[in-house]
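Descriptive structure summary
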Amino acid sequence: MTRQPIRRAAHVREAGQVRARLTGLALVVTIIAAIPLCLATGPGGLSPRTALAALFGSGDGGRVFLVRGLRLPRVCDALVIGAALGAAGCLIQTVARNRLATPAILGINEGATLAVMVWVFCVPGSGLGPWWIAPIGALAAAIVLVGLSGGIGMRGFRVLMIGIALSILLRSIVDMGMSVLAVNHATAVYNWSLGSLLGADFSRLRIAVIPVTLALAVAVALGRRLVLLGFDLTTARALGADVQRDQWLALTVAALLSGLAVGIAGPVGGPVGFVALASPVAASHLVGPGRVPVLVAALIGALIVLVADTLARVIAAPNEIAAGALTSVFGGLFVLWLLYRRTGEIG
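Residues numbered from 1 in each chain as written. Predicted model: local features only at pLDDT ≥ 70, side-chain atom pairs only at ≥ 80, totals over all residues. Heavy atoms only, no water.

In terms of regular secondary structure, the protein is built from 13 helices and zero strands. Beginning at the N terminus, the succession of helices and strands in the protein can be written as α-α-α-α-α-α-α-α-α-α-α-α-α. Expressed as a percentage of its 347 residues, the buried residues of the protein come to 50%. Across the protein, contacts joining residues at least 24 apart in sequence account for 73% of those joining residues at least 6 apart. As displayed, the protein has an accessible area near 16300 Å², and 68% of this comes from carbon and sulfur atoms. (Helix = DSSP H or I, 4+ residues; strand = E, 2+ residues; numbered from the N terminus. Buried < 20%, exposed > 50% of the residue type's maximum accessible area, 1.4 Å probe, protein only. Contact = heavy atoms within 4.5 Å. Areas by Shrake-Rupley, 256 points an atom, 1.4 Å probe, with all protein chains shown as cover.)

Non-glycine residue Arg 97 carries a positive phi angle of around 60 degrees. With respect to the helices and strands, Arg 97 occurs in the loop between helix H3 (61-96) and helix H4 (108-122).

In the predicted model, the protein carries a mean pLDDT of 80, and the fraction of residues at 70 or more is 79%. Long-range and interchain partners of residues 8-12, a stretch whose pLDDT sits below 50, account for zero contacts in this model, where long-range means more than four residues apart. Note that residues 267-271 has pLDDT below 50 and, in this model, 30 contacts with residues that lie over four places away or in other chains. (pLDDT = per-residue confidence, 0-100.)

Side chains bearing opposite charge may pair, as long as their charged atoms lie close to each other. Enumeration over the complete set of coordinates arrives at six salt bridges. With a closest N to O distance of 2.7 Å, Arg 74 and Asp 309 form a salt bridge. One end of the pair, Arg 74, is in helix H3; the other, Asp 309, is in helix H12 (residues 294-314), with 235 residues separating them in the sequence. In this pair, the class of Arg 74 matches that of Asp 309, namely buried. We note a salt bridge from Asp 309 to Arg 313, for which the minimum N-O separation is 3.7 Å. Of this pair, Asp 309 and Arg 313 both sit in helix H12, four residues apart, which is roughly one turn of that helix. (Salt bridge = Lys/Arg side-chain N within 4 Å of Asp/Glu carboxyl O.)

Structure (structure tokens):
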């Protein structure tokens, strides 16, 4: 009699693994299919077929430059930034036990932005600094958050409230700093903080892609261990989880991923709102309960930023909207939907 529940649980776990793999495969296929459309969309009158030909060096030189020199870097940046933010959001939501906990809401992204601005102050004329400045700021903000909260995952609501206050505080400092910066530097920091991929190139991505890949691999492996945090902390410890170690490791990796996402794009791709919030929620619905879908959340994040950057090119053509500003609009609506879904009413 005791074997029947065990067999049923094993069957459910195996079915969940198959569902997660199929979901991941479907997302990969969708992203691959979307890339030619994204390369073709915008001024230039390209079709997906001519965009693919230009990607491989065939056709008119102007089209080749448009695809390889201008749009391909944006596509690559969008995929890496989205994957990093999606995975970071999944880790933080899991350890904080709250769907609203994201790097942007908890002040981690603002810590990265503040670090960039401090660099601009301390090293005049150096631009927005090397790619590793933003991850250092994100990690510092995460440490301050945990210190003020008395531990992440212990009091999820307390972490959320302190994170919101920390985000507001850091943003205020950034705003005050920008008000006294030289106009060109303040404009660069502001455009960067909006999350625009206009002018992206491969210079930072070539350097930072290795740490991003390693951090994503650690995040995916860590997601398997964080499944136990779905139980209450006492049960998780009884099942063998080192709760405090796993929480700290998850927060560290999430802060690194968020900071790297910010740092890769430098002056052209600051924090992109909404991605870290929506990707884990969508991934959980697609994969089902009982899993921490870090990889699926990363793929959804990559797809969201890719589509958002493409829409940002065409919605206000011939002008362009920052992808971060566009996704933030959807982010606000998504938060309202989450609150309404949980309470049945707002207010």
